Amino acid sequence: SQATDGENKAAIAWDAGQELCVEEIEVAPPRAHEVRIEIYYTGVCHTDAYTLSGKDPEGAFPIILGHEGAGIVESVGEGVTKLVPNTCSSQSAPPRVSLIPVLRSTPECKECKFCKSGKTNLCGKIRATQGKGVMPDGTSRFKAQGKDILHFMGTSTFSQYTVVADISVVAITPKAPMDRTCLLGCGITTGYGAAVVTAKVEKGSNCAIFGAGCVGLSVIQGCVKNGAAKIIAVDVNDGKQAWAEKFGATTFVNPTKLGKRSIQEELIEMTDGGCDYTFDCTGNVGVMRAALEACHKGWGESIIIGVAAAGQEISTRRMTPPSFQLVTGRVWRGCAFGGIKGRSQLPALVDDYMNGNLKVDEFITHRETLPKINEAFNAMKQGDCIRCVVDM
Ligand code: NAD
Ligand code: AHE
Ligand code: ZN
């Protein structure tokens, strides 16, 4: 089917805090260096809910959310040579290319100061326009009810067709099942990369992971992969204990059940002086502080992954002077998409999954279809949903 023939539906967020409306939209053809993709499956990430809630300072409406997608290239704009449909596959009819559009901050142009630095996976080429919800030329490709609809994270996967910059797309093996690999577009890759690529957890390390949702569970799988000794999952929901253990956590702590003792005190005692690595996978600024303060003096590193709401502040004050948390060698850092470069490094992760070396299926607790996408958001609030995959 064609993107513009009236059969194209998308879930539109008309305003903050409202349910998504599934309705017909027009998706204009891709312009130069753009790709139009037929989305087959999308995951729903907490960052979609965060932006929908109105807490994202960049979140403008109306917008088409979604940034964990897998699909097939339908057409390409001028100057796109590597993602041309029907040429990249050895499969018989219909030949196709599977793609994961990767999230906004992690396109990879391989030419900008960021890409060339060798120090980050962030790419500067289209970040400014992406933040404004438009394509690099400053315009939108989506129209509904006569109005322009904004793009999100350079992906907008809650649409049966979407247009993205070519540098936001990564071609993966056509054998990969799209109803699972869509999740590599954000949550799983983010957590795994945070442990393996950003923290570079060493064998024998003591690690604490705050928040055992999709991101935290994948941090756990990264810690397991790198041979960590203690992998302590911290979550306020006791239901997450079994999940954390399934992914390889060695211990589970519910911080609400420690009486007067703080979680940082508990972790420092459990690890004989503090953790080598801690990870915030909650987005809660109080948790970020606890995660830093639970680190070992001299070298402990705390990685912030969670996205905190606009207007909040991160702070630390457990020592006098407070700067001594960092002066005495603890490191506070963060990462987007785990520090993984979308186009250079993601295909290898897909291969790891195909070879049975990376858990993906295990994260899927719910499935929905596009007309019921709001159910996916409801499920996410329940606490028993790790990831819901939406069949578009
Ligand atoms: P999730 O809601 O599935 O998981 C969060 C977990 O944290 C839940 O199990 C919850 O019970 C637990 N939790 C909440 N408050 C807690 C507290 N005070 N102490 C301990 N545990 C607590 O969410 P997710 O999809 O795994 O995402 C986690 C965070 O990561 C979100 O903030 C999301 O926006 C962010 N995120 C960031 C990136 C990135 O690239 N940096 C990518 C994906 C998601
Ligand atoms: N306005 C931002 C807010 C959300 C955010 O921080 N996004 C993270 C990824 S979270 C994915 O679930 C991110 O990549 N930030 C780095 C950047 O350059 O924005 C947004 O992304 O819309
Ligand atoms: Zn996400």
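Residues numbered from 1 in each chain as written. Chains lettered and ligands numbered in written order. Predicted model: local features only at pLDDT ≥ 70, side-chain atom pairs only at ≥ 80, totals over all residues.

Looking at an unreviewed UniProt entry, the protein chain carries the name S-(hydroxymethyl)glutathione dehydrogenase, with the source organism given as Trichoglossum hirsutum. If you open the UniProt record of the protein chain and go to Cofactor (unreviewed entry), you find "Zn(2+)". Within the UniProt record for the protein chain, the comment given under Sequence similarities (unreviewed entry) is "Belongs to the zinc-containing alcohol dehydrogenase family. Class-III subfamily." (UniProt positions renumbered as here; feature names shortened; annotations may be inferred.)

K.L.:
What should I look at first to understand the environment of Gln 241 in this one?
P.N.:
Examined against the element boundaries, Gln 241 turns out to sit in helix α7 (residues 240–247). Using a count of 17 C-beta atoms within 10 Å as the deciding quantity, one classes Gln 241 as partly exposed. With 131 residues separating them along the chain, Gln 241 and Lys 372 place their C-alpha atoms 29 Å apart. (Helix = DSSP H or I, 4+ residues; strand = E, 2+ residues; numbered from the N terminus. Buried ≥ 20, exposed ≤ 12 C-beta atoms within 10 Å, placed from the backbone.)

K.L.:
Any chance you could explain the UniProt feature "domain: Alcohol dehydrogenase-like C-terminal" (unreviewed entry) in the protein chain here in plain terms?
P.N.:
UniProt annotation of "domain: Alcohol dehydrogenase-like C-terminal" (unreviewed entry) refers to residues 215–350 when read in the numbering used here. Here residues 215–350 runs as 36% helix and 15% strand, with 17 Å between its end C-alpha atoms.

K.L.:
What is the right way to look at the domain arrangement of the protein chain in this model?
P.N.:
How large an interface is tends to be reported as the accessible area lost when its parts come together. For the protein chain, the assigned domains are domain 1 (9–185 + 360–391) and domain 2 (191–336). Of note, the centres of domain 1 and domain 2, computed from C-alpha atoms alone, are 29 Å apart. Facing the 13 residues of domain 1 at the interface are ten residues of domain 2. For the side of domain 1 that touches domain 2, the class distribution of residues is five nonpolar, four polar and four charged. (Domains from an automatic or database assignment. Contact = placed C-beta atoms within 7 Å. Nonpolar A, V, L, I, M, F, W, Y, C, P; charged D, E, K, R; others polar.)

K.L.:
Hey, could you run me through the site of ligand 1 in this one?
P.N.:
The immediate surroundings of ligand 1 are formed by 30 residues, with Gly 211, Gly 213, Val 215, Gly 283 and Gly 306 found nearest. Elements with a minimum of two residues in the shell around ligand 1: α1 (46–53), α5 (187–198) and α6 (214–225). Taken together, the residues that form the shell around ligand 1 break down as 16 nonpolar, twelve polar and two charged. Split by domain, the shell around ligand 1 shows at least three residues from each of two domains, domain 1 (9–185 + 360–391) and domain 2 (191–336). (Near = placed C-beta within 6 Å.)

K.L.:
What is the right way to look at the packing of α5 against α6 in this model?
P.N.:
Between two packed helices, both the angle of their axes relative to each other and the distance between the axes serve to describe the pair. Viewed as axis vectors pointing N to C, α5 and α6 meet at an angle of 40°, and their least axial separation amounts to 7 Å. With respect to α6, the element α5 is oriented oblique. Relative to α6, the crossing made by α5 is right-handed. Taken together, the residues of α6 that come into contact with α5 (itself represented by Gly 187, Ile 188, Thr 190, Gly 191, Tyr 192, Ala 194, Ala 195 and Val 196) are Cys 214, Val 215, Gly 216, Leu 217, Ser 218, Val 219, Gln 221, Gly 222, Cys 223 and Lys 225. Among the residues making up the contact of α5 with α6, the classes are represented as ten nonpolar, seven polar and one charged. (Axes fitted to C-alpha atoms, helices over the stretch in contact; angles between N-to-C directions. Parallel < 35°, antiparallel > 145°, perpendicular 65-115°, else oblique. Left-handed = near helix turned anticlockwise from the far one by under 90°.)

K.L.:
What is the right way to look at the sheet that holds strand β11 (residues 206–210) in this model?
P.N.:
Two modes of strand pairing occur in sheets, parallel and antiparallel, and in both the strands are linked by backbone hydrogen bonds. As summarised here, the arrangement of the six strands in space is β13-β12-β11-β14-β15-β16, forming an open sheet in which the pairing is parallel. Each having just a single partner strand, β13 (251–253) and β16 (331–334) make up the two edges of the open sheet. Between one strand axis and the next, the sheet turns through 20° on average, direction left out of account. Note: strand β15 (residues 301–304) against β16, four bridges, orientation parallel. Each bridged residue has a counterpart across the sheet, and for Ser 302 the counterpart in β16 is Trp 332. Contacting β11, β12 (230–234) and β14 (277–280), α6 runs over the sheet at an angle of about 175° to β12. (Pairing = 2+ DSSP bridges.)

K.L.:
Looking at this structure, I do not really get the nonpolar core. What am I missing?
P.N.:
Buried together is how nonpolar side chains tend to be arranged in soluble globular proteins. Grouped together as the largest cluster of nonpolar side chains are 108 residues, with contacts concentrated most on Cys 207, Ile 209, Ile 220 and Phe 279. Residue contributions to this core peak at six residues, all from α6. Taken domain by domain, the makeup of this core includes at least three residues from each of domain 1 (9–185 + 360–391) and domain 2 (191–336). Not counting chain neighbours up to four residues away, the residues in contact with Cys 207 comprise Val 201, Cys 223, Ala 228, Lys 230, Ile 231, Ile 232, Cys 275, Asp 276 and Tyr 277. (Core = buried A, V, L, I, M, F, W, Y, C linked by C-beta atoms within 7 Å.)

K.L.:
When you look at the sheet that holds strand β7 (residues 142–144) in this model, what are you seeing that I'm missing?
P.N.:
Spatially, β3-β7-β8 is the arrangement adopted by the three strands of the open sheet, whose pairing is antiparallel. A single partner strand is all that each edge strand has here, and the edge strands are β3 (26–27) and β8 (147–149). Both β3 and β7 contribute to a ladder of two bridges, which runs antiparallel. Of the residues in β7, the one forming a bridge with Glu 26 is Lys 143.

K.L.:
Honestly, the environment of Asp 179 in this entry has me stumped. Any pointers?
P.N.:
Along the chain, Asp 179 falls in helix α4 (residues 178–181). For the pair Asp 179 and Lys 240, spaced 61 residues apart in sequence, the C-alpha to C-alpha distance is 24 Å. Contact partners of Asp 179, with chain neighbours within four places excluded, come to Tyr 41 and Val 389.

K.L.:
How do you make sense of the pairing of β15 when you look at a structure like this?
P.N.:
Look at any regular strand and the pattern is simple: side chains alternate between the two faces of the sheet. Both faces of β15 are covered, namely the face carrying Glu 301 and Ile 303 and the face carrying Ser 302 and Ile 304. Where β14 lies against β15, four bridges are found, and the strand directions are parallel. Bridging across to β15, Asp 280 finds its partner in Ile 304. Chirality of the crossover, the property in question, places the unit of β14, helix α9 (residues 285–293) and β15 among those that are right-handed. (Right-handed = clockwise from strand over helix to strand, strands pointing away.)

K.L.:
It is not clear to me how the confidence of the model for the protein chain should be interpreted in this structure. Could you clarify?
P.N.:
A low pLDDT score tells you not to read the predicted coordinates there in detail. With 93% of its residues at a pLDDT of 70 or more, the protein chain shows a mean pLDDT of 92. Within the model, the stretch residues 87–95 combines pLDDT values under 50 with nine contacts to residues more than four positions away or in other chains. At the level of chain-chain contacts, confidence expressed as ipTM amounts to 0.97, with global pTM at 0.95. (pLDDT = per-residue confidence, 0-100.)

K.L.:
Could you clarify how one ought to interpret the packing of α6 against α7 in this entry?
P.N.:
Contact pair α6 / α7: the axes reach a minimum separation of 8 Å and the direction vectors enclose 30°. Relative to α7, the element α6 is oriented roughly parallel. As for how α6 packs across α7, the hand of that crossing is right-handed. Contacts between α6 and α7 involve Leu 217, Ile 220 and Gln 221 from the first element and Trp 243, Ala 244 and Phe 247 from the second. By residue class, the composition of the contact of α6 with α7 is five nonpolar, one polar and no charged.

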